[in-house]
Amino acid sequence: MSGSPLASSPLVVQRGILGAVILVVCWEGLARGLHLPSYVLPAVSEILAGVWSKRALLGEAAGYTVLEALVGYGLGCLIGIGLAVAITMLPPLRAVILPAATAINSVPVVAYSPLILLWFGIGVASKMVMVAMAVSFTVFLSTLAGLDRVDRRAIDLMRSFGAGRLNILWRLRLPTALPLLLAGMRVSTVRSVIVAIITEMLGAYGGLGWVIYQAVLQIDFVQVWSAIFVASAASLSFFGLIGFLERKILFWT
Amino acid sequence: MLSRRHALAAFTAVALTVGSLPISLPAAAETLTKASLRLKWLPQAQFAGFYVALAKGYYKAEGIDLAINPGGPNLLTENLVATGADTFGLSGGTDSVFAARDKGLPVVCIGVSHQITPFIFVTRKDGPVKTLQDFKGKTVTTWFTGANHVLNGMLAKEGIKADELKIQPQQVSVTPFIDGNVDVITATYYNEYYTIQSRMPKDSLKTFVAEDYGITFPRDTLIVAEATAKEKPDLVKAFLRASLKGWKEAFADPKGAVDAVMAVAPTLDRPQQEFMLTEVKRLMTAGKAAQNGLFWIDPDAIKTAHDFFLKYGVISKSLDLAVAYDASFIESVPVAERRP
Amino acid sequence: MSIGSTASLVEEKAAADLRPTGLPGWLRKALRLLLGLTATALIWEAAVLLFGIRPAYLPRLSTILMAIAATPGAYFNGFLRTSAETLIGFLTGSAFGLLTGIAFFRVRALREMIFPIFVVSQTIPVIAFGALVVLWFGNTLLAKAVIAFYLTFFPVTVNTLLGLETVDPKQVALMRSFGASNGQLMLRLQLPTALPQIFVALRLASSLSLVGAIVGEWFGDTTGLGVLLLQAMFTENVVAIWGALLAAALLGTGFYAVVATAERRLVFWSAEQ
């Protein structure tokens, strides 16, 4: 995701909106002008109308998916940060954990979903586990990179003042690692919603992925796109939220 | 050194000689028509006949270069056939064909594979569910790709409303039923019933069959796009002829049939596939098929199903069954070739 | 992260130069890898046996390997097919990402109009597209490559843009003073400077295109590692799932290694410049 946020001057925002408008107009024109059947491309107006009319269903499904994404995200961040801290405090662990984590992650996370679904069933638990897996590795790597950045001399300086390891961790390492840590967390937000949806499509009791699955089987493509729109909106909101928190926290330190 | 004139003369002589010989060149390789068949699920013995026909070259003999594409979760055969992504489809059943036509997808059914309902509802014999009425308040899992209609149909016949039970989407695994977390599980004769029986003895199970309640849902429907049916009727007939041959061969040589399927999906469990083929044969040769041949379209069963779906709102309007179900193609094949 | 890796690479090379000559570097690395793999394999077997882990959760490595050996054709063909889809998606996605990155760098207006759309496009779960992509493109290699392309291009665009922006304006001014054209500027200064950043994205893209290929195969394909995964899932064949996972791990690691090696060769080059 973008590391350098676009400067939000009025002209830039205007241009961004212009781009979006052009896209929507082209889409609507294509769909209506060529009389494309809904299974190829429904018109944007139809989709938005669908979102509105099915808002209760989509809202409930979104709630499901967002719950899975949030819990998995929280879990993943805890695991990722925890492991990175553990490695920093106990260096010998690095030789064990880093290769193991890399090995597990050489398989794309989504490939694990069949296994996780068999182990945890098709309830929310399996989705949370999948999201946690996806998020933890990214956060782990970013946090580790951040913690590794700390200047040796700064550590020695604090040691010379009698600071204990925990103190050093809290007052020096973590604050220094914060920018990279938060960048990793920001990048993982969108992934968490997407991974939740992918897993739902293989088996779930509810959620946006499940709605998409049902909609395909019921030949309701307007519904498919409506769910896609809602999913996209959810991801962006989540991304925006974490970005907002990031700016607040970094501003502090 | 050949002078140019000599070379030209020689060349002309050769050309004339060759040209005048009655050469019987091998008929320019018959251009085969490319087509594809989209199955309703991942490859398994349920589709053995098609794989046998492909392996034995029956489609090629009829002039079709066929590719068999498996289905899977998230794919609806009707969609793929309607958009032209696939030529033929083996789709869910009469219910999915009705639903597709209701939504305006231009698909036509040219044959029905399973003549009777392949779904059954399984429960423990020593459990709390003894009759259909006992379904009330229990946890019942089913698939929402067609089995749910069978369940609703049976419940409706007994005057039970769907919200009087806890109906949940069914998992990939039968473990929740085995572990007792689910009271009634949906199974197909040929697949899940086998898995359940491999973990629980058959006489500890009780089954509920749709036919006992006067309901039949024929399934596994062969479909094509309206355009294909109109413009390429010969292709459709050729496909049916080759498929029929393949299926009869599969029933005659079940071992070879399972071999053909395992060649495509090597990680399948052989004993389960052999069981599957036996059960599928029973479903395909049931009812009128014994007399009229495989893939028979029974107009009475279709009409009953149609009226049922109309009544319960699965389709929004009455459909023209003559357009949706075209038996002319299957009837063009001599009965002797169709009979199992 | 790229600066750190370049620095550590330089250190490693220096350290290697100082090491007493014994086995050549690559052989030593290969041996270390082999040792690591053997150790993991032994631990896997031992753990399953010692802790009595049920095969439904974690089968013995030997069982998995034997299952693969029983039907090698499926895994081999699947490996090749998925590799092809991944490669095509990766190449097209990276090329597109590179070109759009350059375009966005050059034409500000384009970036401001289209980049937000790119960002939004990445929030759309392309798996939801999967059913639609198969409808549009049929059951072809193309369909899977499209999905892989979709997942690949965005990080490359972003990082190309970021990398191009790190170019020192003074150097640009210097080259212009010698009469360098836009094209020459791009090829000789801007792109080489951006290369380390671009490679960060390419390494990420290598795993993303594999994800795209595997997920794409879940939409009714006949061959591939994703297909094997799906089939194994619906027959509850845990051993087969693990077999497909191992094959996917091999593919993912191999592909990543290729990209990383290319990076070491090319980025070293530009560092020396």
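Residues numbered from 1 in each chain as written. Chains lettered and ligands numbered in written order. Predicted model: local features only at pLDDT ≥ 70, side-chain atom pairs only at ≥ 80, totals over all residues.

## Overview of the domain arrangement of chain B
Many authors give the size of an interface as the accessible area that is lost as the parts come together.
Residues and elements named next belong to chain B.
And step 1. Parsing chain B into structural domains produces domain 1 (33-115 + 218-338) and domain 2 (119-213).
And step 2. Between domain 1 and domain 2, the contact holds 15 residues from the first and ten residues from the second.
And step 3. Tallying contributions element by element places helix α12 (residues 270-284) first for the side of domain 1 that touches domain 2, with six residues.
And step 4. Taken together, the residues of the side of domain 1 that touches domain 2 break down into seven nonpolar, five polar and three charged. (Domains from an automatic or database assignment. Contact = placed C-beta atoms within 7 Å. Helix = DSSP H or I, 4+ residues; strand = E, 2+ residues; numbered from the N terminus. Nonpolar A, V, L, I, M, F, W, Y, C, P; charged D, E, K, R; others polar.)

## Re the nonpolar core
And step 1. With 247 residues, the main nonpolar core has A227 of chain A together with A48 of chain B as its most contacted residues.
And step 2. A total of 15 residues in this core trace back to one element, the largest contributor, which is helix α6 (residues 124-148) of chain A.
And step 3. Other than its neighbours up to four places away in sequence, A227 of chain A contacts L58, A61, L208, V211, I212 and A215 of chain A. (Core = buried A, V, L, I, M, F, W, Y, C linked by C-beta atoms within 7 Å. Buried ≥ 20, exposed ≤ 12 C-beta atoms within 10 Å, placed from the backbone.)

## Here's the deal with the environment of P218 of chain B
Residues and elements named next belong to chain B.
And step 1. Note that P218 resides in the loop between β9 (205-209) and β10 (219-225).
And step 2. The exposure class assigned to P218 is buried, which follows from the 27 C-beta atoms found within 10 Å.
And step 3. Each C-alpha atom of the pair P218 and P118 lies 7.9 Å from the other, and the pair is 100 residues apart in sequence.

## Some words on the sheet that holds strand β4 (residues 107-114) of chain B
Backbone hydrogen bonds hold the strands of a sheet together, and the pairing may be parallel or antiparallel.
Residues and elements named next belong to chain B.
And step 1. Taken in spatial order, the five strands make up an open sheet running β2-β1-β3-β10-β4, and their pairing is mixed. Across the chains shown, the open sheet's two edge strands, defined by having one partner strand only, are β2 (64-69) and β4. Each neighbouring strand pair of the sheet contributes to a mean axis angle of 25 degrees, computed without reference to strand direction.
And step 2. Against the sheet, helix α5 (residues 94-102) contacts β3 (88-93), β4 and β10, and its axis sits at roughly 105 degrees relative to β3.
And step 3. The sheet contacts of helix α10 (residues 233-252) involve β1 (33-38), β2, β3, β4 and β10, and relative to β2 the element is tilted by about 65 degrees. (Pairing = 2+ DSSP bridges. Axes fitted to C-alpha atoms, helices over the stretch in contact; angles between N-to-C directions.)

## Some points on the interface of chain C and chain B
And step 1. At the junction of the two partners, chain C supplies 23 residues and chain B supplies 19 residues.
And step 2. If you list the elements that add at least two residues to the side of chain C that touches chain B, you get α4 (72-106), α6 (126-137) and α10 (225-234) of chain C.
And step 3. The leading source of residues in the side of chain C that touches chain B is α10 of chain C, at six residues.

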